[in-house]
Every structure is written in structure tokens, then in C-alpha cells.
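Now for the letters of each chain:
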Amino acid sequence: MLEVKDLHSFYGEAHVLHGVTLTVRPSEVVALLGRNGMGKTTLIRSIMRLAQPQVRGGSLHWKGEELHDLTPHEVAKRRIALVPQGRRLFPSLSVTEHLTILKPASAKDGWTVERVFEMFPRLAERRHHRGNQLSGGERQMLAVGRALMIDPELILMDEPTEGLAPVMVQHLESIISDLGRTGLAILLVEQNLYSALSVADRLYVLETGKVVHEASADAVRKDQGPLMRFLGVH
Ligand SMILES: Nc1ncnc2c1ncn2[C@@H]1O[C@H](COP(=O)(O)OP(=O)(O)OP(=O)(O)O)[C@@H](O)[C@H]1O
Ligand SMILES: [Mg+2]
């Protein structure tokens, strides 16, 4: 469904992705592992067609359509949603407003504010709080809720559990697993192998802008050795 082939991305003259090839099939949860600075966010931003980085080689197909010449808005219209790294919110908008600016509150189809609140009761309790009054975990839940409001078929999640307390990490992992089971495809950037294994069907390891390893989660559960070597963990 998502097919990235031999992708080359640049920030100015800095060549960051050196021919990345990766696929996400319908309803599949795929983890993208790799240490800091290896190009994970650059790949996610390339797929979303954000202004930076520039994609100067390779192809990005979604259901057979090339995404290269689309704007981020047009990519979102094709039901690809982004949960960006760093969970930026609008400081002065309430939780409900964050969810409804993407879709009218009266909408009845697909994901609604009420459905997001059912998934995250904590957000329902905080519905009138503003972006700058939320904890890290609440912000991340809201970022996921916002992504769901476009009724995605694919969500790109960039380190959603980064910097969160362990109980919040577990909570988000179980939400991500639940979402995966509803048939949503997910490309999850994750630095922690065990977190990735708890949710993903398949894993890729990115190293300095290249995929250096690909494996099914089942294969990694049986033998973590090869993957550990590619992650630089001994
Ligand atoms: N806006 C930018 N301008 C120039 N170089 C950048 C920019 N953003 C990232 N880079 C560089 O591109 C490389 C890949 O960065 P990227 O943010 O994709 O890594 P990452 O794998 O997401 O890391 P992390 O796990 O820390 O989020 C790094 O060398 C980084 O310094
Ligand atoms: Mg990153």
C-alpha cells in the first residue's frame, strides 16, 4: 500500500537518506528502529511531503499513486496522518478545539470527538484544558486523537512514547496495538526494540539513511541477535 523505493532526501546539500526502500501493507504495523540522527524523522517528513527535506531521487507510492508532487494537505486527504515528533500543540486552543479544527463537531462519519474521548477518557476529563496545560502523556494522546480525526488508513507515528513515564508508555503501546487490530496501517518510529516488538508485525532498522535490516517480529522474538547487531547493541 505504501511503497518507498530508493528514496534520497536532502536538507540543502546535506544528503540524509541514501536510497531507503520500505513498504507498509494494508493493516500492517511496521516499526522503524534506529538510533538518534539516523534519518527516521527525515523519512517520515519525506512521506508526508513537508517542505523540508527535499526528495531528489526514488519514489513514494501510496495505493499506486506517486506522492512526490502532492502538498502535505493533499497527502492527508489521501488518508495518511502524521503524529509528529515532539507533540507540538496550539497553546491557547482547548483539547476539543484541537480535535474539531480538522473536522466539524457535527460530523457523524468515521472518527468523532466522542470516539476519541472513548479511546482516551483522560482527554475527555481535560476537554476544556488548553494545549499548554496538558502533561506530556496527555499531549501525546491528543496528537494521536488529532491524527485519527482525518480517518486515516495509515498513521505515521514519530516516537510517540519518547520522554514519557513508563505507565504512559504502556498505555500508548496498548492503544497503538488496538488501533493496529482495527485494520489501520501504522508506521511507528521507535527507538526501543521491546516497545517495537510489543506492537509491530514487522521491523526495519535505519542506519545513516539506509535500511540495514528488515525482519518479522516473530523472527526477532525467536532470535534477537541479528537485529541487536544492526542496532549497535551488543
Ligand atoms: N532541518 C534540518 N536541517 C539540516 N539537517 C537536518 C535537519 N533535520 C535533521 N537533519 C540531519 O539529518 C540527519 C537525520 O536526522 P533525523 O531527524 O531524520 O534523525 P532521527 O533518526 O529522526 O533522530 P532522532 O531519533 O533523534 O529523532 C541528522 O544528521 C540531522 O542532523
Ligand atoms: Mg526523529
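All values derive from a computational prediction rather than experimental measurement.

Visitor: It is not clear to me how the sheet that holds strand β7 (residues 154-158) should be interpreted in this structure. Could you clarify?
Guide: Each strand in a sheet pairs with its neighbour through backbone hydrogen bonds, running either in the same direction (parallel) or in the opposite one (antiparallel). The strand order across the open sheet formed by six strands is β6-β7-β8-β3-β9-β10, and the pairing between neighbours is mixed. Both outer strands of the open sheet, β6 (80-83) and β10 (210-216), are each paired with one neighbouring strand and no more. The average undirected angle you get between the axes of adjacent strands in this sheet is 15°. Pairing analysis gives four bridges linking strand β3 (residues 29-33) to strand β8 (residues 185-189), with the strands arranged parallel. When the sheet's bridge partners are listed, L32 is paired in β8 with V189. On the sheet, helix α1 (residues 40-48) packs against β3, β6, β7, β8 and β9 (202-207) and is oriented at approximately 150° with respect to β7. Across the face of the sheet, helix α7 (residues 166-181) comes into contact with β3, β7 and β8 while running at roughly 150° to β8.

Visitor: It is not clear to me how the packing of aromatic side chains should be interpreted in this structure. Could you clarify?
Guide: The relation between two aromatic rings is expressed through the spacing of the ring centres and the mutual angle of the planes. Summed over all chains, the structure comprises zero aromatic pairs. Its guanidinium or amino end placed over the ring of F10, R56 lies 4.3 Å from that ring's centre, counting from NZ or CZ. Of note, R115 hangs over the ring of W111, and the distance from its end group to the ring centre comes to 3.8 Å.

Visitor: How do you make sense of the nonpolar core when you look at a structure like this?
Guide: A general feature of soluble globular proteins is that nonpolar side chains tend to end up buried together. The biggest cluster of nonpolar side chains holds 49 residues, and the ones touching the most others in it are M157, L179, L193 and L203. Excluding residues within four positions of it along the chain, L193 makes contact with L33, L203, V220, Q224, L227, M228 and L231. Core analysis: the next-biggest nonpolar cluster, separate from the first, contains 27 residues, L17, L32, I47 and Y204 among them.

Visitor: Is there a simple way to think about the side chain of D151 in this case?
Guide: Looking at where D151 falls in the secondary structure, it is placed in the loop between α6 (136-148) and β7. Residue D151 is classed as buried on the basis of its relative accessible area, which comes to 16%. Engagement of the side chain of D151 in a polar contact is seen with the backbone nitrogen of W111, the distance being 2.6 Å. Setting aside chain neighbours within four positions, we find D151 in contact with R79, K103, D109, G110 and W111.

Visitor: Could you clarify how one ought to interpret the coordination of the magnesium ion (ligand 2) in this entry?
Guide: Perfect tetrahedral coordination of a metal by four donors corresponds to 109.5 degrees between them, and perfect octahedral coordination by six donors corresponds to 90 or 180 degrees. Donor atoms from the polypeptide that bind the magnesium ion (ligand 2) are T41 (OG1) and Q85 (OE1), placed at 1.9 to 2.2 Å. Within this pair, whereas T41 is found in helix α1, its partner Q85 is found in the loop between β6 and α3 (95-100), the two being separated by 44 residues in sequence. A relative accessible area of 25% places T41 in the partly exposed class.

Visitor: Got a minute to help me understand the sheet that holds strand β5 (residues 65-66) in this structure?
Guide: Overall, antiparallel pairing links the four strands, which are arranged β2-β1-β4-β5 in an open sheet. The strands lining the two open edges of the sheet, one partner per strand, are β2 (14-24) and β5. Those strands touched by α1 are β1 (2-11), β2 and β4 (54-62), and its axis lies near 110° from that of β1.

Visitor: Just to check I follow, could you spell out the pattern of salt bridges for this structure?
Guide: Pairing is possible between side chains of opposite charge, provided their charged atoms come close. What the rule picks out here adds up to 13 salt bridges. For D178, the salt bridge goes to R181, with nearest N and O atoms at 2.9 Å. Within this pair, D178 and its partner R181 are both found in helix α7, separated by three residues, close to a single helical turn. R181 gets classed as exposed once you look at its relative accessible area, which sits at 66%. One network of salt bridges, in which partners are shared, links R25, E28, R202 and E214.

Rules behind the numbers
- Residues numbered from 1 in each chain as written.
- Chains lettered and ligands numbered in written order.
- Predicted model: local features only at pLDDT ≥ 70, side-chain atom pairs only at ≥ 80, totals over all residues.
- Heavy atoms only, no water.
- Pairing = 2+ DSSP bridges.
- Helix = DSSP H or I, 4+ residues; strand = E, 2+ residues; numbered from the N terminus.
- Axes fitted to C-alpha atoms, helices over the stretch in contact; angles between N-to-C directions.
- Contact = heavy atoms within 4.5 Å.
- Phe/Tyr/Trp six-rings, centres within 6.5 Å; stacked < 30°, edge-to-face > 60°.
- Lys NZ or Arg CZ within 6 Å of the ring centre and 35° of its normal.
- Core = buried A, V, L, I, M, F, W, Y, C linked by side-chain atoms within 4.5 Å.
- Buried < 20%, exposed > 50% of the residue type's maximum accessible area, 1.4 Å probe, protein only.
- Polar contact = N/O pair within 3.5 Å; in protein donor to acceptor, adjacent residues only side chain to side chain.
- Donors = N, O, S within 2.8 Å, 3.2 Å for Na, K, Ca; no water.
- Salt bridge = Lys/Arg side-chain N within 4 Å of Asp/Glu carboxyl O.

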